There are 2 protein chains.
Amino acid sequence: MLPLRGHALSARATKLYSTWRPTANAPLRAVHKRNITTQQLDAERQDRERIIVLGSGWAGYTLARDLDPKKYQVVVISPRSYFVFTPLLAGASVGTQEFRTTLEPVRTRRSKNHFFQGWADAVDLEGQSLTIEEAVEDPWQGRSLTFDRHAHESEAQRAHEKQVEAKKGQLFDLKWDKLVIAVGCYNQTFNTKGVRENAFFLKDVGDARRIRNRVLECFETAALPTTSDAMRKHLLNFAVVGGGPTGIEWSAELHDLIQEDMKRIYPDLVQHAQITVYDVAPNVLSMFDERLSQYAMAQFNRQGISIKTSHHIEDLRVGAPEATKQHGDVGDSASCYTIKITEEGEIGIGMCVWSTGLMMNPFVSNALAGKVKRHDKTGGIVTNERLQVKKDDDSALQHVYALEDCAVIEDTSYPATAQVASQKAGWLGTRFNKGDIEQQKFTYKNLGVMAYLGNRNAILQSDGDDISGRVAWFIWRSAYLAKSVSWRNRILIPTYWFVNWLFGRDVSRF
Amino acid sequence: MLPLRGHALSARATKLYSTWRPTANAPLRAVHKRNITTQQLDAERQDRERIIVLGSGWAGYTLARDLDPKKYQVVVISPRSYFVFTPLLAGASVGTQEFRTTLEPVRTRRSKNHFFQGWADAVDLEGQSLTIEEAVEDPWQGRSLTFDRHAHESEAQRAHEKQVEAKKGQLFDLKWDKLVIAVGCYNQTFNTKGVRENAFFLKDVGDARRIRNRVLECFETAALPTTSDAMRKHLLNFAVVGGGPTGIEWSAELHDLIQEDMKRIYPDLVQHAQITVYDVAPNVLSMFDERLSQYAMAQFNRQGISIKTSHHIEDLRVGAPEATKQHGDVGDSASCYTIKITEEGEIGIGMCVWSTGLMMNPFVSNALAGKVKRHDKTGGIVTNERLQVKKDDDSALQHVYALEDCAVIEDTSYPATAQVASQKAGWLGTRFNKGDIEQQKFTYKNLGVMAYLGNRNAILQSDGDDISGRVAWFIWRSAYLAKSVSWRNRILIPTYWFVNWLFGRDVSRF
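Each value, and the rule that gives it
- Residues numbered from 1 in each chain as written.
- Chains lettered and ligands numbered in written order.
- Predicted model: local features only at pLDDT ≥ 70, side-chain atom pairs only at ≥ 80, totals over all residues.
- Heavy atoms only, no water.
- Contact = heavy atoms within 4.5 Å.
- Buried area = accessible area lost by both parts, 1.4 Å probe.
- Salt bridge = Lys/Arg side-chain N within 4 Å of Asp/Glu carboxyl O.
- Helix = DSSP H or I, 4+ residues; strand = E, 2+ residues; numbered from the N terminus.
- Nonpolar A, V, L, I, M, F, W, Y, C, P; charged D, E, K, R; others polar.
- Least-squares fit on C-alpha atoms with pLDDT ≥ 70 in both.
- Phe/Tyr/Trp six-rings, centres within 6.5 Å; stacked < 30°, edge-to-face > 60°.
- Buried < 20%, exposed > 50% of the residue type's maximum accessible area, 1.4 Å probe, protein only.
- Lys NZ or Arg CZ within 6 Å of the ring centre and 35° of its normal.
- Pairing = 2+ DSSP bridges.
- Axes fitted to C-alpha atoms, helices over the stretch in contact; angles between N-to-C directions.
- Domains from an automatic or database assignment.
- Expected span 1.5 Å × (residues − 1).
- pLDDT = per-residue confidence, 0-100.

**Topic: the interface of chain A and chain B**
Interfaces are often sized by the accessible area lost when the parts come together.
Here comes step 1: Each partner contributes residues to the interface: chain A has 95 residues there, and chain B has 96 residues.
Here comes step 2: Summed over both partners, the interface of chain A with chain B comes to about 9000 Å²; 58% of that surface belongs to carbon and sulfur atoms.
Here comes step 3: Among the residues chain A hides against chain B, the three largest losses belong to Arg100, Arg109 and Phe510 of chain A. Together they make up 11% of the total.
Here comes step 4: Applying the counting rule to chain A against chain B returns eight salt bridges.
Here comes step 5: Arg100 of chain B is paired through a salt bridge with Asp506 of chain A; the nearest N and O atoms lie 2.9 Å apart.
Here comes step 6: It is helix 16 (residues 487-503) of chain A that contributes the most residues to the side of chain A that touches chain B, 11 residues altogether.
Here comes step 7: Here the side of chain A that touches chain B is composed, by residue class, of 40 nonpolar, 25 polar and 30 charged.

**Describing the relation of the copies chain A and chain B**
Here comes step 1: Least-squares fitting of chain A to chain B yields an RMSD of 0.0 Å, with the transformation described by 0.0 Å of translation along the axis and a rotation of 180 degrees. Both copies are brought into coincidence by an operation consistent with a two-fold rotation axis.
Here comes step 2: Of the interface residues in chain A, 100% have counterparts in chain B that sit at the interface too, so the contact is made through matching surfaces.

**Structural notes on the packing of aromatic side chains**
Here comes step 1: Inspection of every chain in the model, using the stated rule, returns 39 aromatic pairs over all chains.
Here comes step 2: Look at Tyr72 of chain A and Phe432 of chain A: their rings are 6.0 Å apart centre to centre, the planes differ by 50 degrees, and that puts the pair in the tilted class. Residue Tyr72 of chain A is found in strand 2 (residues 72-78), and its partner Phe432 of chain A is found in helix 14 (residues 418-434); the two are separated by 360 residues along the sequence. A single burial state applies to Tyr72 of chain A and to Phe432 of chain A, both of which are buried.
Here comes step 3: Judged by centre distance (6.3 Å) and plane angle (35 degrees), the rings of Phe498 of chain B and Trp501 of chain B are tilted. Residue Phe498 of chain B and its partner Trp501 of chain B are located together in helix 16 (residues 487-503), separated by three residues, close to a single helical turn.
Here comes step 4: Given a relative accessible area of 42%, Phe498 of chain B falls into the partly exposed group.
Here comes step 5: Looking at Trp501 of chain B, the relative accessible area reads 54%, which means it is exposed.
Here comes step 6: Ring-pair connections join several aromatic residues into one group, and the members of that group are Trp58, Tyr61, Phe83, Phe85, Tyr452, Trp476 and Tyr480 of chain A.
Here comes step 7: One Lys or Arg, Lys178 of chain B, reaches over the ring of Phe432 of chain B and ends 5.5 Å from the middle of that ring.
Here comes step 8: When the ring centre of Phe99 of chain B is taken as reference, the NZ or CZ atom of Arg212 of chain B above it lies at 5.3 Å.

**A word on the sheet that holds strand 11 (residues 274-278) of chain B**
Residue and element names in this part refer to chain B.
Here comes step 1: Read across the open sheet, the four strands follow the order 12-11-10-16; overall the sheet is parallel. At either margin of the open sheet sits one strand with a lone partner, and together these are strand 12 (305-308) and strand 16 (351-354). For this sheet, the mean inter-axis angle between neighbouring strands, taken without regard to orientation, is 20 degrees.
Here comes step 2: Here five bridges tie strand 10 (residues 237-241) to strand 11, and the two strands are oriented parallel to one another. Bridge pairing in strand 11 places Val240 opposite Val277.
Here comes step 3: Contacts from helix 8 (residues 205-222) reach strand 10 and strand 16, with the element oriented near 155 degrees to strand 16.
Here comes step 4: In the packing of helix 11 (residues 290-303) onto the sheet, contacts are made with strand 11 and strand 12, and the angle to strand 12 comes to roughly 135 degrees.

**Quick look at the domain arrangement of chain A**
Residues and elements named next belong to chain A.
Here comes step 1: If you check the domain split of chain A, you get domain 1 (38-188 + 358-439) and domain 2 (195-356).
Here comes step 2: Using only C-alpha atoms to locate each centre, domain 1 and domain 2 end up separated by 34 Å.
Here comes step 3: Across the boundary between the two partners, domain 1 contributes 27 residues, which contact 20 residues of domain 2.
Here comes step 4: Where domain 1 abuts domain 2, roughly 2000 Å² becomes buried across the two surfaces, and 60% of that area is made up of carbon and sulfur atoms.
Here comes step 5: Interface area lost by domain 1 to domain 2 is led by Ser93, Val94 and Phe99, which between them contribute 28%.

**A few points about the sheet that holds strand 14 (residues 337-341) of chain B**
Residues and elements named next belong to chain B.
Here comes step 1: In spatial order, the strands read 13-14-15; together these three strands make up an open sheet with antiparallel pairing. Among the strands making up the open sheet, the edge pair consists of strand 13 (313-318) and strand 15 (345-349). Adjacent strand axes in the sheet meet at a mean angle of 20 degrees, parallel and antiparallel pairs treated alike.
Here comes step 2: The pairing of strand 14 with strand 15 spans five bridges and is antiparallel. Each residue of the ladder has a partner; that of Lys340, found in strand 15, is Glu346.

**As for the pairing of strand 7 (residues 171-175) of chain A**
Residues and elements named next belong to chain A.
Here comes step 1: Of all five residues making up strand 7, four are buried, and the element is well covered by its neighbours.
Here comes step 2: As paired elements, strand 6 (residues 129-134) and strand 7 share five bridges and run antiparallel to each other. Within strand 7, the position partnered with Ile132 by the bridge is Phe172.

**Let's talk about the pairing of strand 24 (residues 465-469) of chain B**
Within a regular strand, the side chains alternate between the two sheet faces.
Residues and elements named next belong to chain B.
Here comes step 1: As defined by bridge partners, strand 23 (residues 457-462) adjoins strand 24 across five bridges and the pair is classed as antiparallel. In the sheet register, Ile459 faces strand 24, and the bridge partner there is Ser468.
Here comes step 2: Joining the antiparallel neighbours strand 23 and strand 24 is a turn of two residues, in which Gly464 adopts a positive phi near 90 degrees.

**Section: helix 4 (residues 58-66) of chain A**
Residue and element names in this part refer to chain A.
Here comes step 1: Counting buried residues along helix 4, seven of its nine residues qualify, which places the element largely inside the surrounding structure.
Here comes step 2: Here helix 4 has its buried residues at Trp58, Ala59, Gly60, Tyr61, Thr62, Leu63 and Ala64.
Here comes step 3: Tucked into the core, helix 4 has its buried residues touching strand 1 (49-54), strand 2, strand 3 (82-84), strand 4 (103-105), strand 8 (178-181) and helix 14.

**Describing the environment of Gly60 of chain B**
Residues and elements named next belong to chain B.
Here comes step 1: Position of Gly60 among the secondary structure elements: in helix 4 (residues 58-66).
Here comes step 2: As a C-alpha pair, Gly60 and Ile181 span 121 residues in sequence and 8.1 Å in three-dimensional space.
Here comes step 3: The contact partners of Gly60, leaving out residues within four places of it in the chain, are Val53, Gly55, Ala182 and Glu404.

**Observations concerning helix 15 (residues 470-483) of chain A**
Here comes step 1: Helix length check: helix 15 of chain A, at 14 residues, gives a terminal C-alpha distance of 20 Å against a target of 20 Å (1.5 Å per residue), a fit within 8%.
Here comes step 2: Against the buried residues of helix 15 of chain A lie helix 10 (245-265), strand 22 (449-454), strand 23 (457-462) and strand 24 (465-469) of chain A.

**Digging into the confidence of the model for chain A**
All names here are of chain A.
Here comes step 1: Scored by pLDDT, chain A has a mean of 90; 92% of the residues are at 70 or more.
Here comes step 2: Note on residues 1-36: pLDDT is under 50 here. Beyond four places in sequence and across chains, it has 102 contacts.
Here comes step 3: Among the prediction metrics, the complex's ipTM stands at 0.91, with pTM recorded as 0.92.

Written out as structure tokens, the structure reads:
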């Protein structure tokens, strides 16, 4: 069998996650390679301070873009070569947008920043140095993670692996004057059985592509002559776990895809289609006022999307439910999944989109463990109001900053949202450029929350104002179009809204 | 290790290519499943003839679109859910176009045709019946093939596998009144060592994506601090095998990417970049006049793309050349490839794009073997001037037609091009709709050949007229824009030309 993903190298890349070759365990630095570009970096740096920005998410991307290259040498370290404009991801996952319109590359023609595609592996806070693991050939390119990539390795194994990587030049050190930790979080699965292996997540553009291909695959398999009606019902039964904005907006986008396109492309099949949102909590969209979340429920109800609160997922596996296997003629059972729900038992589904919150980034829970103060609940990095990382003795590290979902300002409870992350980044960038951070403190201004509900309806809540329906949808689109970073995407995004409205979404699968 | 490609099902799908579970070998039909939709099909068909169109390439897609649904029940069978507008594929593989603008889905809102995503597996010409193997979960989705998917299996193994598939409903039969064989060809590798495993091909949209990601990966790996100059030279050394339009146009597009974008995004690296086109023949673009191919050579020469004719490839493997390993500090050797050329020995490269012609589709060489007359040289299906398939006794099958690259009209030497395929399809569609095929004969009208040479230059040869340079480039773009099938793409294609001209190509990799 030839390698499926990309080229032969990926086979090598996957080793990073699986192999373990035993040898002696020598000190790491010793084997590090001559670090060519770091010398270039040092030369190019002149008398500027070097700021290392970890991550290319809302905080990292915004900050790196805002920093003054005359004042600072900016080095961005991220396993992704792009920033994802997350609000459009749900739309991209069903074809309302093209995947690439949700992205901004870290490298641009104009940017003077440096970028190395890699994972932050280890950090020496006193020595102001970072060990970086190359991620150019990362087999998980473009997909969000649910687990520590090195979790399956013992300390000895990992130590040895690092030597091998260092020898190969896959591991290298970088010094900083200021370090900004803006790494994102992973998907929280609560270790629910089978979820990590079989669920679909929606935090990165690769996730969106997997979802889009699978949705179309479900319809195409259901359209095969040999597919029984029993199996068709399973394949076109879409389960969404998590009643937050992501889960709700994805259900809404899927509903639009089915009503606006699939209904006309697979007229015989849509009768079998069903969308169900499950949540353990007693209500969904808890960040909205009662009135708006009630409106959302009613809206979904009208659209035939069922919301099942206080439901608990036990297991997600490949294959049809036992009951169906015994009765009906299911043909190839492996074409669908089965989700087990405490309140309902086994249910056959085409796919499960899982969005139940955040798991702390292993870099924080491992590499920074014991070195910084951690938040009791989230396990995030505790910072002061200047976003400076606190140590256990409550003293703040003057040159280490943390923002994004991995950081919490002490004694605050700002939500882990793009809005908070980008506000922090904007604030920190200004401080760095003005050099007045000691006189300032960050405060968060809540600009409101929005959610798309499908069928050109949305809800919008902004200090006191509650708006719902068509108007909210219009504001929703305008706001995100205005917020979208590059002029390139400001042209492409409405173009896709237009052509998809005119001709329908593309259903080619590749 | 979690499955890398898409969801867990793909693991199951790959089995189709690898496993062999021994059991008894019962007759196939016997185990076929109750064929639900075929009954629906038969009902929906009324008094119309059923035409099965095999393939969704230039011929299959054009024909299926043109056929009159009042006269015929059209059933398209193809392993791809879309048609690829091949002239834009080279551009898409470097980001001049978005992948999706090269595609037209087989299923559309308006089309009344039926579509089943599958491979034609076996055919009963007398019984007018076809056995189809489901391809919805094909792990090679979107990628062109270089080998028979079942080549590794013995006849007994394959026979057994078919039973298992039939039981699972992955195999089913379909009857026809007219059969149109319009399957495409595979990539020809001449069994050159390592090519199938390590080369990049360019016949399908998935190939274009692999190439785009790999080109960007080469630059990103070269940009790592620990990458030595020796390895940088390898990574940014791009080898193209085959001096036909595909190879030449891809080199031209890559040259544009490097000169227009990479030069500004990776200013320190472009010095290492090199493109070389290899061909066994003494000259390239042989379908053009001497003058135009000379112009092309001169153009490439000016652009620093070297063309090496009368060169022979022996081997393509992962890893750096031995020489480099001994001398230089290559770091992770597995990051690059080594190509062995008879005339030059081992050369380190970042990637090899392979385009050396066509291999006959296994469906023709196996499933149709002994049943139809085959062309001596190409092994293609021999047809008469009505595109009716000939048997070995030179009689023509009245209801079986063949076009696309797999078919040759007896005593003609039309090239295996999109132009011939689509002209044949247009002609056959008209005949079927008018029902006058017995009074007509197909003749090919050569509308000319074009090739893009990079830097806004092209060559164009149309009955007598030779045009080269900027004007030819303008005609090149206008012609393909006019030819592009849907209004959706007629809007999107120039939009991408515009935004990429304005802002540069996107370099996000996912």
